[in-house]
Every structure is written in structure tokens, then in C-alpha cells.
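Topology and contacts: notes
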Amino acid sequence: MVTFDVIGNAEKVVEPLRATVDESESLRRLSDEAVSLLHESGATRLMSPARYGGYELPPRALVEAERIIAHGSPAASWVLMVTGAHTFIAGRMPVEGQDDVFGADAGMLIPGVPTPRGTCMPTDGGYVLNGRWPYASGVDYGDWVMVGARGVPNAAGERCATQVV
């Protein structure tokens, strides 16, 4: 089992994160440096499955990291909270989906709007999503985006899987 010092690693980036606040405010998104610091702290891997290099810790660890990181940048803490929650959800997908999402980088951010705001219909080789999803915090840095959609049947009566990311 991998041990990870959630508090110690979060505390290491508090001061450097403070230096990013003005730039993040000016950009109206997290600065690249702030995102780099989240990755450097290991906080972006807290909820990721261990088999891909994540720490697979309980949600309480994420809450603790968010609490500490907020002292340096409330915005960075917010993005960590939103994307970490989605990472937790994605970590419960079937292994094939986890391979797709976490295989390249267990520490990537997963922004999104998981409430069903659109529809999903299966097609040959994939899915068609229709809908309108509001802004997702951290979307500028996500390799994946998690959105919620209601499955609607195609001409053959097939519906989307319940865990499409």
C-alpha cells in the first residue's frame, strides 16, 4: 500500500499558490502555475485508482487537501474539489472505462457537469450527445469531461450505457 502525506504535501504548495491568486483572478481561470502546483502536491491523484498510479484514498483525504489548499488559493481548492469528485466517480467505472480515463495519467483533472442536462443515443462506433451543459470549473485543464445525459433509444431500441464518460 502506498502511503501519501496529504497534509504535508498540501501545506507545501500553500505559499506558492498565494502567489498565483492575482494572475488566476485576472485570467478568470486558474493560472497554469496554480494547476502545476496542484499536480506537484499530488492532490490530483488522491481519488485515482491505485492500479494507475493514483493514491485511491477515501474522500476525507480530498476534503482535507482542499481545506489546506484553500489557504493559498480558494479557486484552486474549488477546482480540486470539483474535479476530485469526478475522479472519484470515474474510479468506480468498469475497468475498461478506467483504462481509457486513467491509463495515460492518473493525475489528470476531470471537470464536468454530471447532472443529466442532455440526451445520449448509441450509434455505430459511439454515442451522440445532445444538450447544453453549463460551464464546468477546471474545463481548461481537463483531458476528459464528465457530463450527465439521459439515455434515449436509437432505432434498434438500444440505450447508452449508464457509465459513459
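Residues numbered from 1 in each chain as written. Predicted model: local features only at pLDDT ≥ 70, side-chain atom pairs only at ≥ 80, totals over all residues. Heavy atoms only, no water.

Some thoughts on helix 5 (residues 59-69)
Stated precisely, the cut-off is as follows: Working definition: with a 1.4 Å probe on protein chains only, accessible area under 20% of the residue-type maximum means buried, over 50% means exposed, and in between means partly exposed. The way it works is that DSSP assigns letters per residue, a run of H or I at least four long becomes a helix, a run of E at least two long becomes a strand, and they are numbered from the N terminus. Should any heavy atoms of two residues lie within 4.5 Å, those residues are considered in contact.
Taken together, the buried positions of helix 5 are occupied by Ala-61, Leu-62, Glu-64, Ala-65, Glu-66, Ile-68 and Ile-69. At its buried positions, helix 5 is contacted by helix 1 (6-12), helix 2 (14-18), helix 4 (32-41) and helix 6 (74-90).

Here's the deal with the side chain of Ser-24
Under the convention used in this document: Two N or O atoms form a polar contact when they lie within 3.5 Å of each other; inside protein one atom must be a possible hydrogen donor and the other a possible acceptor, and for residues adjacent in sequence the pair counts only when both atoms belong to side chains.
Assignment of secondary structure puts Ser-24 in helix 3 (residues 21-27). Given the relative accessible area of 8%, Ser-24 is considered buried. Of note is the side chain of Ser-24, whose polar atom sits 2.9 Å from the backbone nitrogen of Ser-31. Those residues in contact with Ser-24 that sit more than four places away from it in its chain are Arg-29, Leu-30, Ser-31 and Ala-34.

Considering the pairing of strand 1 (residues 112-123)
Here is the rule: Think of it this way: DSSP has to see at least two bridges between two strands before they count as a pair.
In this sheet, strand 3 (residues 146-151) lies alongside strand 1 in parallel orientation, the contact comprising five bridges. Bridge pairing links Thr-119 to Arg-150 in strand 3. Hairpin remark: strand 1 followed by strand 2 (residues 126-131), antiparallel, with two residues in the connecting loop; positive phi at Gly-125, about 80 degrees.

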